[in-house]
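# Close look at the chain arrangement
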Amino acid sequence: MAGNVIELAEHNFEQEVLKSDKPVIVDFWATWCMPCKMLAQTVEEIAGEHKGKYKVAKLNIDDAMEIATNFSVMNIPTLIFFNNGGEVGRMVGAASKRDILKKMEEAFA
């Protein structure tokens, strides 16, 4: 776990995301993706500021291609917002913290 961000993989995705009792933000990323690296710090900040209210997690698509495919992740970074086991919002590409927080409000309203 990188600070407050949960590291996802095939073995824990269902439990941590689909069966979560809290809303979850999943950052789909890869080690070779520069915009993903730029977004990582923002995701970490959001995780720390909203600890206890939301879960924030990241999934390396190279390690879990099947999950990325199941959620039609075509470009990265992609943030997918989950609530009660279902997708309630999505952002593709690097985004500002302000834009992500706005999307969280809409998705989890």
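Everything below is about the structure printed above this text.
The structure contained in this document is the topic of the report that follows. Since the structure is predicted, the reported quantities are computational estimates derived from the model, not experimental observations. (Residues numbered from 1 in each chain as written. Predicted model: local features only at pLDDT ≥ 70, side-chain atom pairs only at ≥ 80, totals over all residues. Heavy atoms only, no water.)

## Topic: the sheet that holds strand β5 (residues 86-92)
The 5 strands are arranged β1-β3-β2-β4-β5 in an open sheet whose pairing can be described as mixed. Edge positions in the sheet fall to β1 (6-8) and β5, since each of these pairs with one other strand and no more. Taken pair by pair, the neighbouring strands of this sheet meet at an average axis angle of 25°, ignoring direction. In the sheet, strand β2 (residues 24-29) pairs with strand β4 (residues 78-83) via 5 bridges, with the strands oriented antiparallel. By the bridge assignment, I25 is partnered in β4 with F81. Packed onto the sheet, helix α2 (residues 34-49) meets β2, β3 (55-60) and β4 and runs at close to 165° relative to β2. Each of β2, β4 and β5 touches helix α4 (residues 97-107); the most contacted strand, β5, lies at about 160° to it. (Pairing = 2+ DSSP bridges. Helix = DSSP H or I, 4+ residues; strand = E, 2+ residues; numbered from the N terminus. Axes fitted to C-alpha atoms, helices over the stretch in contact; angles between N-to-C directions. Contact = heavy atoms within 4.5 Å.)

## Observations regarding the pattern of salt bridges
The tally for this structure, following the rule as stated, stands at 6 salt bridges. One salt bridge in this structure joins E87 and R90, with 2.9 Å as the shortest N-O distance. Linked by salt bridges that have partners in common, E45, E49 and K97 make up one network. (Salt bridge = Lys/Arg side-chain N within 4 Å of Asp/Glu carboxyl O.)

## A short note on the side chain of K55
Counting through the fold element by element, K55 comes out in strand β3. Residue class for K55 comes out buried when judged on its relative accessible area of 17%. In terms of polar contacts, K55 uses its side chain to reach the side chain of E16, at 2.9 Å. (Buried < 20%, exposed > 50% of the residue type's maximum accessible area, 1.4 Å probe, protein only. Polar contact = N/O pair within 3.5 Å; in protein donor to acceptor, adjacent residues only side chain to side chain.)

## Concerning the nonpolar core
With 22 residues, the main nonpolar core has L8, F13, V26, F28, I76 and F82 as its most contacted residues. Looking at this core, the elements that each hand over two or more residues are β1, α1 (13-18), β2, β3, α3 (65-70) and β4. Once residues lying within four places of it in the same chain are set aside, the contact partners of L8 are F13, E16, V17, V26, A57, K58 and L59. Counting residues in each nonpolar core, the second largest holds 15 residues, with V43, A47, Y54 and V56 among its members. (Core = buried A, V, L, I, M, F, W, Y, C linked by side-chain atoms within 4.5 Å.)

## Thoughts on the packing of α2 against α4
Contact geometry of α2 with α4 gives a least axis separation of 10 Å together with a crossing angle of 50°. One way to sum up the angle between α2 and α4 is to call them oblique. Between α2 and α4 lies a crossing whose hand is right-handed. Of the residues in α4, those in contact with L39, T42, E45, I46 and E49 of α2 are K97, I100, L101 and M104. Broken down by class, the residue content of the contact of α2 with α4 amounts to 5 nonpolar, 1 polar and 3 charged. (Parallel < 35°, antiparallel > 145°, perpendicular 65-115°, else oblique. Left-handed = near helix turned anticlockwise from the far one by under 90°. Nonpolar A, V, L, I, M, F, W, Y, C, P; charged D, E, K, R; others polar.)

## Things to note about the state of the cysteines
Per the stated rule, a full pass over the model turns up 1 disulfide. Between the sulfur of C33 and that of C36 lies a disulfide, 2.3 Å long from S to S. On the sign convention where negative means left-handed, the S-S torsion of about 80° between C33 and C36 marks this disulfide as right-handed. The same class applies to C33 as to C36, namely buried. (Disulfide = S-S within 2.5 Å.)

Treat this as a map of the structure, not an account of what it does.
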